[in-house]
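Letter by letter, the chains look like this.
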Amino acid sequence: MKRLTIFFALLSLCFYAGAQSLPAEYEGQSCTSIMVGKQASTDGSVITSHTCDGRYRTWMSVEPAQNYGRNAVHTVRRGTMHTAYREDTTGVKVMGTIPQVQHTYAYLNTAYPCLNEKQLAIGETTFGGPSCLENPNGMFTIEELERVALQRCDNARDAIRLIGSLIKQYGYGDGGECITIADKHEVWQMEIMGEGPDKIGGIWAAQRVPDYHVAVSANIPRIGLLQRDNPEYFMCSDNIEKVAKKYKLWDGDGEFVFWRAFAPDYANGKNFREREFFIFNSLAPSMGFSMDMDELPFSIKPDQPVSATDVMALLRSTYEGTDMDMCRNIKTVVTRKDKNGKSYKDTIIAPNANPWMGSATQGSLNYLQPGTVDFKRTVSVAWCSYSFVAQLRDWLPDEVGGVCWVSVDNPGQSPRIPIFSGTTRLPKAFDLCGQKKYDENAVLWQYRKANKLATVSWQRTKDGMMDEVLKQERQAFAGMSDLEGNVKALKARENEDYNPAKPIANMLNSYTYNVYDNTSYAWKQLEKKYWQLFGMGF
């Protein structure tokens, strides 16, 4: 224990200086999505979500609705997820064109486009799938399928059908992906792969989450038996079993289970790992789930209705207080005094222990004392670019009914900013990415500086930072009722002589800006506070 105490005194900076990285067995485990059916939510919202884990762009824009002529085409691109700003074409490749429709909807243009003006929202997680199914010559990557669906569809089922038809006609050129597609009535999980290197096409299955259930996608396919005779809850391509047999992913005997045929190696023959288990166990502890189980259900009924803030809390999860807590063995000894003033030694979690430590720090700790850190893939990770929780609400006008609660950087630390289906303009800080160079004007760096400083001595800073996260969250939600009422009142006045579109947009844009302004200011104050706190050293 003395060696570890000395180590912490000399090496505290290493807890944040190195980027958090995954052990080899976890490679490919990027992104988490939690879905909530409307009868499972506290207020009737349909919810989908996404942690965009990886070094993806953090600039965002609202792309306006457009009208097109008869012969217009839509250009399909690849590589837009790593650009520095909207007009940047570095590394972007044109894959081809498809016929354009006469009218496209406005949508929120994130690295993986996520929300449109009609309250259609899409989350994403990657599961890779068998490499033998990949065909890079397919025209569409997953983010471009999301883009076209948001431009052309106003409901989840049509989006699934459109994506399926685009894959069949133009080909899928990406690895195994899951998209969690929600509208104001229902939410679906759609899992997609290529059809093999000799075939332009793809395979896919989509399953609806029952209205009274929640579901999770965390980089492992989750769809089980194909239910082609149940169109109310299931859709899929007609070539799945044929492709699985062709590439010896299924022997043709017995029931065909989608996730079992296409699961990545890190799934270890199951349809879940830590994140699925933790989230389901948090929402339905009565079901007694165990990591030793062979399989988790596709979706579950939660013990209590789930709110948008519950989903936000789950996206902050690091398993603190459980046997999966990576900080639990990182200890130090401090001197305390009892009520009589007598000194005694107490063993505590080391102040600079944090759940996002880099691989170098983990390796050093385990070298000094084997078994100190048992890496677990937490829900929130330091390498997250941005995340969102989308609420879709059928009792409100689309403009304000769809709201995407966005954060940048680590979702375990950053506050959330509401961007609405009717938002037309984002704060200027969202114009710049911030991933490729430090730029204090970029939205990413409005929050990342305080977040990384807090991580240096997380056991000292986490309570204060979480207090600020929840304070900003409460303030943002507190104004929503008035905002929704004002939008409804303006919509009620709509007629041939009065179009409320502009005043509604101005109202929504202002709300988004005010929450951004409040949170970015608060994080600047945290940054100053931490520099003062650590002024004599870390």
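Q: Lay out the overall build of the protein chain with the relevant residues and their values.
A: Across its full length, the protein chain carries 14 helices and 21 strands. Taking 2.2 N^0.38 as the reference for a compact globule, 538 residues should give roughly 24 Å; the C-alpha atoms of the protein chain span a radius of gyration of 24 Å, in line with that estimate. The principal-axis extents of the C-alpha atoms in the protein chain amount to approximately 85 × 65 × 45 Å. In the protein chain, which comprises 538 residues, the proportion classed as buried is 59%.

Q: With reference to specific residues and values, describe the pairing of strand 12 (residues 187-193).
A: In regular strands, side chains alternate between the two faces of the sheet. Of all 7 residues in strand 12, 7 are buried, a share of seventy percent or more. Neither face of strand 12 is left uncovered, since the one carrying Val 187, Gln 189, Glu 191 and Met 193 and the one carrying Trp 188, Met 190 and Ile 192 both have all their residues buried. Bridge analysis of strand 11 (residues 176-182) against strand 12 gives 6 bridges, and the strand direction is antiparallel. Looking at strand 12, one finds that Cys 178 is bridged to Glu 191. Linking two consecutive strands that pair antiparallel, namely strand 11 and strand 12, is a turn of 4 residues.

Q: Which residues make up the nonpolar core, and what are the values?
A: Ranked by size, the top nonpolar core spans 142 residues in total, and within it Ile 181 and Phe 262 carry the most contacts. No other element matches helix 14 (residues 501-533), which puts 9 residues into this core. With residues up to four places along the chain from it excluded, the contact list for Ile 181 reads Leu 120, Ala 121, Ile 122, Ala 156, Ala 159, Ile 160, Ile 163, Glu 186, Val 187, Trp 188 and Met 190. Counting residues in hydrophobic clusters, the runner-up holds 9 residues, among them Met 326, Cys 327, Met 357 and Leu 365.

Q: Describe the confidence of the model for the protein chain, and please don't skip the residues or the numbers.
A: Averaged over all residues, the pLDDT of the protein chain is 94; the fraction at 70 or higher stands at 95%. pLDDT under 50 marks residues 1-18. Its contacts with residues more than four places away, or in other chains, come to 36 contacts.

Q: Describe the environment of Asp 409, listing the residues and the values that go with them.
A: Positionally, Asp 409 belongs in the loop between strand 20 (403-408) and strand 21 (417-420). Excluding residues within four positions of it along the chain, Asp 409 makes contact with Ala 382, Cys 384, Ser 385, Tyr 386, Ser 414, Leu 444, Arg 448, Asn 451 and Lys 452. For Asp 409, the side chain forms a polar contact with the side chain of Arg 448, separated by 2.9 Å.

Q: Provide a residue-level description of helix 4 (residues 156-170), including the pertinent values.
A: The α-helix winds at 3.6 residues per turn, so residues separated by three or four positions along the chain end up facing the same way. For helix 4, which comprises 15 residues, the first-to-last C-alpha distance of 21 Å matches the rise-based estimate of 21 Å (1.5 Å per residue) to within 8%. Every buried residue of helix 4 is listed here: Ala 156, Arg 157, Ala 159, Ile 160, Leu 162, Ile 163, Gly 164, Leu 166, Ile 167 and Tyr 170. Buried residues in helix 4 make contact with strand 6 (93-99), helix 3 (142-152), strand 11, strand 12, strand 13 (203-209) and strand 15 (234-236). Of the residues flanking the end of helix 4, it is Gly 171, one or two places downstream, whose phi is positive at about 90 degrees.

Q: Please set out the packing of helix 3 against helix 4 residue by residue, giving values where relevant.
A: Contact geometry for helix 3 and helix 4: axes closest at 10 Å, N-to-C directions at 130 degrees. As the angle between them shows, helix 3 and helix 4 are arranged oblique. Along this stretch, helix 3 crosses helix 4, giving a crossing that reads as right-handed. Taking contact as the criterion, the partners of Leu 145, Val 148, Ala 149 and Arg 152 in helix 3 are, on helix 4, Ala 159, Leu 162, Ile 163, Leu 166 and Ile 167. Taken together, the residues of the contact of helix 3 with helix 4 sort by class into 8 nonpolar, no polar and 1 charged.

Q: How would you sum up the pairing of strand 5 (residues 73-78)? Please name residues and give values.
A: Only one face of strand 5 is covered, namely the face carrying His 74, Val 76 and Arg 78; the face carrying Val 73, Thr 75 and Arg 77 is uncovered. Pairing analysis gives 6 bridges linking strand 5 to strand 6, with the strands arranged antiparallel. Across the sheet, residue Val 73 finds its bridge partner in strand 6, namely Pro 99.

Q: How would you explain the packing of aromatic side chains if you had to name every residue and give the values?
A: Tallied over the full model, the rule gives 14 aromatic pairs. Here the aromatic rings of Tyr 56 and Tyr 112 are separated by 5.6 Å at their centres, their planes lie at 65 degrees, and the arrangement is edge-to-face. Separated by 56 residues along the polypeptide, Tyr 56 in the loop between strand 2 (46-53) and strand 3 (61-63) and Tyr 112 in the loop between strand 8 (107-109) and strand 9 (115-116) bring together distant segments of the chain. Each member of the pair Tyr 56 and Tyr 112 is classed as buried. An aromatic cluster is present here, built from Trp 250, Phe 256, Phe 258 and Phe 262 joined pairwise through their rings.

Q: Can you lay out the pattern of salt bridges for me, pointing to particular residues and giving the numbers?
A: This structure, assessed with the given rule, holds 27 salt bridges. The shortest N-O distance in the salt bridge between Lys 462 and Glu 320 comes to 2.4 Å. Taken together, the residues span a long stretch of sequence, with Lys 462 in helix 12 (residues 458-478) and Glu 320 in the loop between helix 8 (308-315) and strand 17 (331-337) at a distance of 142 residues. What makes Lys 462 buried here is its relative accessible area of 12%. Between Lys 449 and Glu 527 there is a salt bridge; the shortest N-O distance is 3.7 Å. In this pair, Lys 449 is assigned in helix 11 (residues 443-456) and Glu 527 in helix 14, connecting sequence segments 78 residues apart. For Lys 449, a relative accessible area of 18% gives the class buried.

Q: Talk me through the side chain of Thr 519; I want residue IDs and the actual numbers.
A: On the secondary structure map, Thr 519 appears in helix 14. On the basis of relative accessibility, which here comes to 1%, the residue Thr 519 falls in the buried class. Among the polar contacts listed, one links the side chain of Thr 519 to the backbone oxygen of Val 515, at a separation of 2.9 Å.

Q: Can you explain the side chain of Thr 58? Please cite residues and give values.
A: Secondary-structure assignment places Thr 58 in the loop between strand 2 and strand 3. We classify Thr 58 as buried; its relative accessible area is 0%. Within the local environment of Thr 58, its side chain forms a polar contact with the backbone oxygen of Cys 433, the two atoms lying 2.2 Å apart.

Parameters and conventions
- Residues numbered from 1 in each chain as written.
- Predicted model: local features only at pLDDT ≥ 70, side-chain atom pairs only at ≥ 80, totals over all residues.
- Heavy atoms only, no water.
- Helix = DSSP H or I, 4+ residues; strand = E, 2+ residues; numbered from the N terminus.
- Rg over C-alpha atoms; globule rule 2.2 N^0.38 Å.
- Buried < 20%, exposed > 50% of the residue type's maximum accessible area, 1.4 Å probe, protein only.
- Pairing = 2+ DSSP bridges.
- Core = buried A, V, L, I, M, F, W, Y, C linked by side-chain atoms within 4.5 Å.
- Contact = heavy atoms within 4.5 Å.
- pLDDT = per-residue confidence, 0-100.
- Polar contact = N/O pair within 3.5 Å; in protein donor to acceptor, adjacent residues only side chain to side chain.
- Expected span 1.5 Å × (residues − 1).
- Axes fitted to C-alpha atoms, helices over the stretch in contact; angles between N-to-C directions.
- Parallel < 35°, antiparallel > 145°, perpendicular 65-115°, else oblique.
- Left-handed = near helix turned anticlockwise from the far one by under 90°.
- Nonpolar A, V, L, I, M, F, W, Y, C, P; charged D, E, K, R; others polar.
- Phe/Tyr/Trp six-rings, centres within 6.5 Å; stacked < 30°, edge-to-face > 60°.
- Salt bridge = Lys/Arg side-chain N within 4 Å of Asp/Glu carboxyl O.

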